[in-house]
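Residues per chain, in single letters:
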Amino acid sequence: MEKAVTRKPSTSTKRRWPVITASLVAFAYWASTTSRDYALCSETNDIYTVDDARPRVQCIVVRDAHILDTGSLSDVRQRWAASTQSSLSKRVLDLVQGGLKVIQVKSGSIVVPGLSDAHAHVLEYGFKMQLQLDGSKSVDEVISRLKAYLEQYPDIRDDPSRWIEGMGWDQTKWAGAQFPTADDFDREPMLRGRFIALLRVDGHASWVSSRVLELMGNLPQEVDGGVVLRDGQGKPTGIMVDNAMDLIPNPPRSEAIMHEYFDMTMKDGLAHGLTSIHDAMSTPAMISFFKKLSDAGKLPMRLYLMGNIQAEEYWGGKIERLSDYGQHGRLNVRGVKLFTDGALGSWGAALLAPYSDKPDTYGIMRSTPGALAALVKQFWDDGWQVNVHCIGDRANKIVLDIFEDLLATADARERRPRIEHAQIMQPSDLERAGRLGVITSVQPTHATSDMGYAESRLGPERLKTAYAYQSQLQASSQNVLPLGSDFPIEGINPLLGFYAAVSRLSVEGDSPHGDGGWYPEQRLTRAQALKGMTLDAAYASFAEHELGSLTPGKKADFVVLDRDIMTVPFSEILATKVQATVIDGSVAYGVL
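Residues numbered from 1 in each chain as written. Predicted model: local features only at pLDDT ≥ 70, side-chain atom pairs only at ≥ 80, totals over all residues. Heavy atoms only, no water.

1. Points about helix 19 (residues 494–503)
So, point 1. Within helix 19, nine of the 10 residues are buried, which leaves the element mostly enclosed by the surrounding structure.
So, point 2. Among the residues making up helix 19, those that are buried are Pro494, Leu495, Gly497, Phe498, Tyr499, Ala500, Ala501, Val502 and Ser503.
So, point 3. Of the surrounding secondary structure, the elements contacted by the buried residues of helix 19 are strand 8 (115–120), strand 14 (274–282), helix 16 (444–450), helix 20 (526–532) and helix 22 (570–573).
So, point 4. Of the residues flanking the end of helix 19, it is arginine 504, one or two places downstream, whose phi is positive at about 55°. (Buried < 20%, exposed > 50% of the residue type's maximum accessible area, 1.4 Å probe, protein only. Helix = DSSP H or I, 4+ residues; strand = E, 2+ residues; numbered from the N terminus. Contact = heavy atoms within 4.5 Å.)

2. Remarks on the environment of serine 503
So, point 1. Inspection of the secondary structure puts serine 503 in helix 19.
So, point 2. The spacing of serine 503 and threonine 448 is 55 residues in sequence and 9.5 Å in space, taken between C-alpha atoms.
So, point 3. Apart from residues no more than four positions distant in its own chain, serine 503 is found in contact with Gly516, Gly517, Arg523 and Phe570.
So, point 4. For serine 503, the side chain forms a polar contact with the main-chain oxygen of tyrosine 499, separated by 2.6 Å.
So, point 5. Within the structure, serine 503 has its side chain in polar contact with the backbone nitrogen of leucine 505 (distance 3.2 Å). (Polar contact = N/O pair within 3.5 Å; in protein donor to acceptor, adjacent residues only side chain to side chain.)

3. So, the sheet that holds strand 4 (residues 59–63)
So, point 1. Strand order in the open sheet formed by four strands is 5-4-1-6, and the pairing between neighbours is mixed. The open sheet has two edge strands with one neighbour each: strand 5 (66–71) and strand 6 (101–104). The sheet shows a mean angle of 20° between the axes of neighbouring strands, taken without regard to direction.
So, point 2. Both strand 1 (residues 37–41) and strand 4 contribute to a ladder of five bridges, which runs antiparallel. For tyrosine 38, the partnering residue across the bridge sits in strand 4 and is valine 62. (Pairing = 2+ DSSP bridges. Axes fitted to C-alpha atoms, helices over the stretch in contact; angles between N-to-C directions.)

4. A closer look at the nonpolar core
So, point 1. Ranked by size, the top nonpolar core spans 130 residues in total, and within it Leu146, Phe262, Phe290, Leu303, Phe403 and Phe498 carry the most contacts.
So, point 2. The biggest single contributor to this core is helix 13 (residues 393–407), with eight residues.
So, point 3. A domain split of this core shows at least three residues from each of domain 2 (123–247) and domain 3 (255–546).
So, point 4. Once residues within four sequence positions are removed from consideration, phenylalanine 498 is found in contact with Arg526, Ala529, Leu530, Met533, Ile565, Met566 and Ile573. (Core = buried A, V, L, I, M, F, W, Y, C linked by side-chain atoms within 4.5 Å. Domains from an automatic or database assignment.)

5. Notes on the confidence of the model for the chain
So, point 1. Averaged over every residue, the pLDDT of the chain is 90; residues scoring 70 or more account for 89%.
So, point 2. Confidence drops under pLDDT 50 across residues 1–35; counting only partners more than four residues distant or on other chains, this segment forms 68 contacts.
So, point 3. Confidence drops under a pLDDT of 50 for residues 87–98, and excluding neighbours within four residues, the segment shows 13 contacts in the predicted structure. (pLDDT = per-residue confidence, 0-100.)

6. Regarding the state of the cysteines
So, point 1. Within the structure shown, the criterion is met by one disulfide.
So, point 2. The partner cysteine of cysteine 41 in its disulfide is cysteine 59, sulfur to sulfur 2.3 Å. Between cysteine 41 and cysteine 59, the disulfide has an S-S torsion of 115° and is therefore right-handed. Residue cysteine 41 is located in strand 1, and its partner cysteine 59 is located in strand 4; the two are separated by 18 residues in the primary sequence. (Disulfide = S-S within 2.5 Å.)

7. Looking at helix 17 (residues 454–463)
So, point 1. By the burial criterion, the buried members of helix 17 are Ala454, Arg457, Leu458, Gly459, Arg462 and Leu463.
So, point 2. In this fold, the buried residues of helix 17 make contact with helix 13 and helix 16.

8. Re the packing of aromatic side chains
So, point 1. Evaluated as defined, the whole model comprises 18 aromatic pairs.
So, point 2. Taken together, a centroid distance of 5.4 Å and an interplanar angle of 10° make the contact between tryptophan 163 and phenylalanine 195 stacked. Of the two residues, tryptophan 163 sits in strand 9 (residues 163–169) while phenylalanine 195 sits in strand 10 (residues 195–200), which places them 32 residues apart along the sequence.
So, point 3. In this structure tryptophan 163 comes out as buried when scored by relative accessible area, which is 14%.
So, point 4. Of the aromatic side chains, those joined through ring pairs into one cluster are Trp169, Trp174, Phe179, Phe185, Trp207 and Trp347.
So, point 5. Sitting over the face of the ring of phenylalanine 339, arginine 366 holds its NZ or CZ atom 4.6 Å from the ring centroid. (Phe/Tyr/Trp six-rings, centres within 6.5 Å; stacked < 30°, edge-to-face > 60°. Lys NZ or Arg CZ within 6 Å of the ring centre and 35° of its normal.)

9. As for the pairing of strand 22 (residues 578–583)
So, point 1. A large share of strand 22 lies buried, amounting to five of its six residues.
So, point 2. Across four bridges, strand 21 (residues 558–561) lies against strand 22 in antiparallel orientation. Across the sheet, phenylalanine 558 pairs through a bridge with valine 582, a residue of strand 22.
So, point 3. Bridging between strand 22 and strand 23 (residues 586–590) involves four bridges; their strand directions are antiparallel.

Pasting the structure below:
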């Protein structure tokens with residue numbers, strides 16, 4: 001990460017802002033002048049605040065980690081002139097010659113609040129990047145990538161006891177759209193006899209080698225909440241779905257490996273304007289790791305963790321609660337993550353009616369409704385925010401039934417229960433979630449990633465209220481729709497989600513419904529999408545009074561972009577570059 005660069009205003013800048021020092025020097029009164037006392041200004045008012053009181057402003061004034069004021073120069077002058085009789089203002093007038101550093105954004109650039117990802121997996125992104133399988137067009141291409149990986153890492157190649165792990169394959173992109181098998185690895189001499197476990201792109205299925213199957217021994221015929229795929233003779237094929245993945249004896253990660261994965265995620269996240277991430281599956285080991293980094297002041301952005309342990313019995317006592325923890329107060333743990341079903345791509349999303357392209361299955365419930373209800377209630381009674389993974393309409397209905405019972409005697413604004421994904425919902429449940437105040441936390445790139453096969457899975461009728469982001473927002477009693485990516489399942493760049501939300505198009509600019517977008521009535525406006533990535537994400541993590549908008553009193557988290565994503569054509573959004581990512585008033589990436 002580059003250090004912030006302090007620039008003195010040019011002579012032309014001083015002429016252009018003739019009264020800014022006299023207007024803003026008041027802020028230096030509260031503290032000795034530091035390198036983080038400055039005004040960031042845009043001649044064309046291209047600072048988007050996500051603050052209804054002042055949606056676009058000319059300047060924001062930063063003192064240390066907070067925003068002190070926003071508005072035009074005349075706004076600032078008027079506010080201080082109104083109190084000229086106070087002793088404070090007299091001291092301000094005495095200090096007008098002291099000056100305040102003014103930074104002017106480049107012409108064409110804009111400023112937005114720090115971008116949040118409301119649903120992601122921090123360490124898993126680093127894990128995926130070390131062996132990327134997404135984009136593979138066939139089994140043979142996956143095999144080729146594994147061979148290249150072993151050539152790149154001879155220490156792994158030359159040690160047959162080392163596991164080969166990766167993520168990103170997607171059989172729906174292959175000719176025939178069939179699941180791969182363990183036998184596919186054995187066709188390649190370099191891979192034969194190796195321990196291999198490769199996660200599907202959605203993280204809900206794993207493809208393992210024959211050597212791993214041997215290590216696992218006799219597998220159960222049935223797995224609660226999961227599936228061991230078998231061939232016509234009943235032999236396991238090497239595909240484990242949902243809870244069956246728990247049978248795979250993957251080696252534990254060392255702290256050094258976690259550091260490697262973490263550093264990669266932070267580097268790429270900051271470069272793309274992320275200032276906050278909601279980690280949607282933090283184990284106790286991960287929480288301990290993040291806590292240690294936070295103690296050392298080495299957490300470069302804000303993390304809101306959802307604790308998780310894969311167990312049916314209550315495990316809330318094993319998750320440590322943390323509030324604004326660490327040297328910089330950037331770590332929070334106050335929620336948990338539970339699962340109901342699998343994913344659409346592996347026919348694991350739990351549906352009320354059979355799959356259109358596989359009528360012998362309704363998907364997978366990873367827990368029985370009764371067991372899930374008891375577990376949710378225990379977490380609720382223990383004061384946790386409860387966040388539940390729900391993809392299919394059956395899963396969403398069951399969880400909304402549970403939440404509705406609990407909310408009969410509770411305020412949703414205080415508890416903020418969340419449904420993560422909320423992809424396929426009955427019209428009545430879409431309305432019910434909004435009425436109850438249950439937050440639907442969605443990932444717009446899932447819609448554009450799934451649109452090529454979603455109709456074959458669900459049929460046209462169910463799709464009318466699937467990936468229905470505009471409908472979900474309109475139904476929300478709190479007018480919130482936090483947006484995330486679910487990276488590494490999707491890309492880490494938050495503008496991929498912004499683009500998908502407002503265009504409903506692939507990155508190539510097309511969709512099954514043409515260049516007007518897939519179900520275009522469900523597009524979000526650009527203002528709605530920006531709010532979903534900032535203030536709505538803050539609300540979903542109980543931080544709307546500190547984060548999410550460029551409002552006086554809030555943390556000085558913001559991003560400078562090299563073009564106006566609020567006005568440029570859809571085709572230009574993804575060409576946008578981050579010029580600076582600022583957290584707590586200090587540059588974490590780029591320069592101001």
